[in-house]
Amino acid sequence: MTTSTRGLGSPAVTLSLAAFLVSLVVLATATGLVSFPGGGHPPSSNRPSAVAAVPTPTLEPTLGYPSPTPAPTFMTYRVAVGDTLSSIARQFGTTPRSLSWWNRGTYPSLDPESPAYDPNAIKPGWTLVLLPGTTVDDENPPSPSPAPPSASPLPSAAAPSGVPPTASPQPSASSTAVVPANVITHGSLTSSQVALTLDMGGRLDPAVDIMNWLIAHQVHATIFPTGAAGTTTTQGETVLALAKAHPELFDVGNHSWSHPDFTTLTAGQMAQQITSTEAAVAPLVGTTTKPWFRPPYGAWNDAVRYGVAAAGWRHIVMWDIDTIDWKPESDGGPTTATIVAKIQANAQGGSIVLMHLGGYHTLDALPGILAALQAKSLQPVTLGEMFGQ
């Protein structure tokens, strides 16, 4: 026996050859070159005689960069009569000191680092820049302070959550940018004036009697009729006629046509509600309802501020005392005494009181309301008198 014969007969060589032959058989079966009865690949005349190599894709690293976070965009606010830095700061969720830092470049009296710093010396007509919901760190104030964005006062941020994209009107390139309507909750806290405001919509039974009482006692007030209540009902038309006959006593504002929640409307729908009311009410009272708008249910957001301003009304009138006189006692509403006590306890200079011409106990409460105001040396005035409009 030769050496080569002994090598082929060794167990190691025999196993190696057997493994090699098994690999060939498996490969041929998988590629279809050899088929066995019951195998996994049925005969096919279209099967290729060879298997093309499939290149393995090369994974290259992808250089991705995060989208840049947009820089905060300042908005503008025009100071109205009765405004203070504190009231403006509360309205926009910031601080008086922050307002001072942002506007020190335009108004030197607002520079906290200046000996002439006087945050109480703001004037109606000033245009302040601000970042809603943002507070300046006194240790790292902005320098220089931002210039008023006169060319683009609209915030570039997305609309608030839940607001339809079309609800906030955007100015065209050829139009002047819209400055949002001011939201008024009170006048000057250092004054002796109180604004009695009465909404009209829905229940109207005591409305004419309330107007006649106010006229008989020479009480100044502002009424906010809806277009539907003021111009399509006999009582509403009588109320507007009395307001027209006594312009020295009454201002008339706009309370929409049909009292919808404005936060659910588009800018076009807001404009239709307001301008329809203006077109119907103004001829009956002999004056415009501008600049006063009271949102139904007191519902407003940034989209409403822009929509109301785009329609032509500059002030959204809220309140700091709500009598809830529209609710009957049977549903937990106030009594006559409760209404009087609430105003007596809370009225102060600059207060805006919310009542209704359809209030259940408003007429009975009026003598007590007037006495309570007189006891505190407070004088009922119209919104125009309070804000110099």
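First, a word on scope: everything that follows refers to the structure included in this document. (Residues numbered from 1 in each chain as written. Predicted model: local features only at pLDDT ≥ 70, side-chain atom pairs only at ≥ 80, totals over all residues. Heavy atoms only, no water.)

Observations concerning the side chain of Thr 277
Secondary-structure assignment places Thr 277 in helix α8 (residues 267-285). Among the polar contacts made by the side chain of Thr 277, one reaches the main-chain amide nitrogen of Trp 257 at a distance of 3.0 Å. Residue contacts for Thr 277: discarding those within four places in its chain leaves Pro 225, Thr 226, Gly 227, Asn 254, Ser 256, Trp 257 and Ala 282. (Helix = DSSP H or I, 4+ residues; strand = E, 2+ residues; numbered from the N terminus. Polar contact = N/O pair within 3.5 Å; in protein donor to acceptor, adjacent residues only side chain to side chain. Contact = heavy atoms within 4.5 Å.)

Structural notes on the side chain of Thr 362
Considering the arrangement of structural elements, one finds Thr 362 in helix α11 (residues 362-375). Under the relative-accessibility criterion, Thr 362 is labelled buried at 1%. Here Asp 325 takes part through its side chain, which lies 2.5 Å from a polar atom of the side chain of Thr 362. Setting aside chain neighbours within four positions, we find Thr 362 in contact with Leu 198, Ile 210, Asp 325, Met 355 and His 356. (Buried < 20%, exposed > 50% of the residue type's maximum accessible area, 1.4 Å probe, protein only.)

Things to note about the sheet that holds strand β7 (residues 292-293)
Here we have three strands laid out as an open sheet, ordered β3-β8-β7, and parallel in their pairing. Of all the strands in the sheet, the pair left with one neighbour each is β3 (182-184) and β7. The pairing of β3 with strand β8 (residues 315-317) spans three bridges and is classified as parallel. Along β8, the bridge assignment pairs Asn 182 with His 315. (Pairing = 2+ DSSP bridges.)

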